[in-house]
Amino acid sequence: MFRSRTFWVKFQGSGTVRWCCTQFAYVPKHRPCQDQALICMQEFMDSTRKLFVLTGAGISTESGIPDYRSEGVGLYATSTKRPVHLKIFKESSKARQSYWARNYVGWPRFSSFKPNVTHTTLVEWERKDKVHCVVTQNVDRLHHKAGSHHVHELHGTAFNVICMSCNQTLPRHSFQTKLRDSNQHMSARYLEIRPDGDVELTQDEVNSFQVPPCERCGGILKPDIVFFGDNVPRGRVEKVRQVLAACDGLLVLGSSLFVYSGYRFILQALESRIRVSAINIGPTRADKHLSFRVDARCGEVLPRLVV
């Protein structure tokens, strides 16, 4: 029934798996997926015609991008640093200077991350008309890089920049060129990346960084993502709600559903009697509402399912 794949792993006490490959450095400790869990997931897939997939940062950790909340390896577990809030970004020029300096240095690496087997499996399922849409909480564009066509970026994308005054947008790669032209004294280099794509810099490096304004109106430029303290645009939410209403199954991949922006769709599915299942290392906010949850790495489970 299931396709077999080989994974390089290192076992540490109590049957727990810890990946030793750097690609999996941000995947938390977990146990191998059990056969019974695969059987349950296969039955869920077999009985679903139109699948709504909700993905979170847990799938991108397998591409080498850290997340915020993973036990032992996420940003909150390994650092006292916290992402900037929208209010602070808007009101403080120093905060914007710090943000863009760190983002500038980290961008070459962040933008070069590649899709993993979870992303490519979803593309295959989409081609077979099993996946109706992918709604992602990630801003890394890995679903697009993999080739998925029906993707809704719930929290926006780090690959665009938008003016907070006139709403003009430009590609992040183009803005990187503008930042480089304004800061020829600073080199974008390879450093340990954070979930939002920035790196750690010295205060002297930050203080000398120049951030160009919007060329159209002189306004403040920010990445076209939903910052902490911000809300997902209402139109975007309504569009996703309409897509979910046309589906008969919801699969959560790599998300604790801690934030309401994604959790709201679980509540909608419950009201509409749409079955909900999840694959995630560790508990989720919606566990009591799920048909079942497979406590495993998404990249281990998805390729072994037959669609």
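The structure reproduced in this document is the subject of the present report. (Residues numbered from 1 in each chain as written. Predicted model: local features only at pLDDT ≥ 70, side-chain atom pairs only at ≥ 80, totals over all residues. Heavy atoms only, no water.)

Taken in spatial order, the six strands line up as β5-β4-β3-β9-β10-β11 in an open sheet, and their pairing is parallel. Sheet topology places β5 (151-153) and β11 (292-294) at the edges, where each strand pairs with a single neighbour. When the angles between neighbouring strand axes are averaged without regard to direction, this sheet yields 20 degrees. (Pairing = 2+ DSSP bridges. Helix = DSSP H or I, 4+ residues; strand = E, 2+ residues; numbered from the N terminus. Axes fitted to C-alpha atoms, helices over the stretch in contact; angles between N-to-C directions.)

A few words now on the packing of aromatic side chains. Applying the stated criterion across every chain, the model contains 11 aromatic pairs. Through a chain of ring-to-ring contacts, the aromatic side chains of Phe89, Tyr99, Trp100, Phe175 and Phe227 assemble into a single cluster. Note that Arg172 overlies the ring of Trp107, its terminal NZ or CZ placed 4.6 Å from the centroid. Over the face of the ring belonging to Tyr263 we find Arg285, whose NZ or CZ atom lies 4.3 Å from the ring centre. (Phe/Tyr/Trp six-rings, centres within 6.5 Å; stacked < 30°, edge-to-face > 60°. Lys NZ or Arg CZ within 6 Å of the ring centre and 35° of its normal.)

Direction vectors running N to C along helix α10 (residues 234-245) and helix α11 (residues 260-271) enclose 35 degrees, while the axes themselves pass 11 Å from each other. Handedness of the crossing formed by α10 with α11: right-handed. Across from Val237, Val240, Arg241, Leu244 and Ala245 in α10, the residues of α11 making contact are Arg264, Phe265, Gln268 and Ala269. Residues belonging to the contact of α10 with α11 are distributed by class as follows: six nonpolar, one polar and two charged. (Left-handed = near helix turned anticlockwise from the far one by under 90°. Contact = heavy atoms within 4.5 Å. Nonpolar A, V, L, I, M, F, W, Y, C, P; charged D, E, K, R; others polar.)

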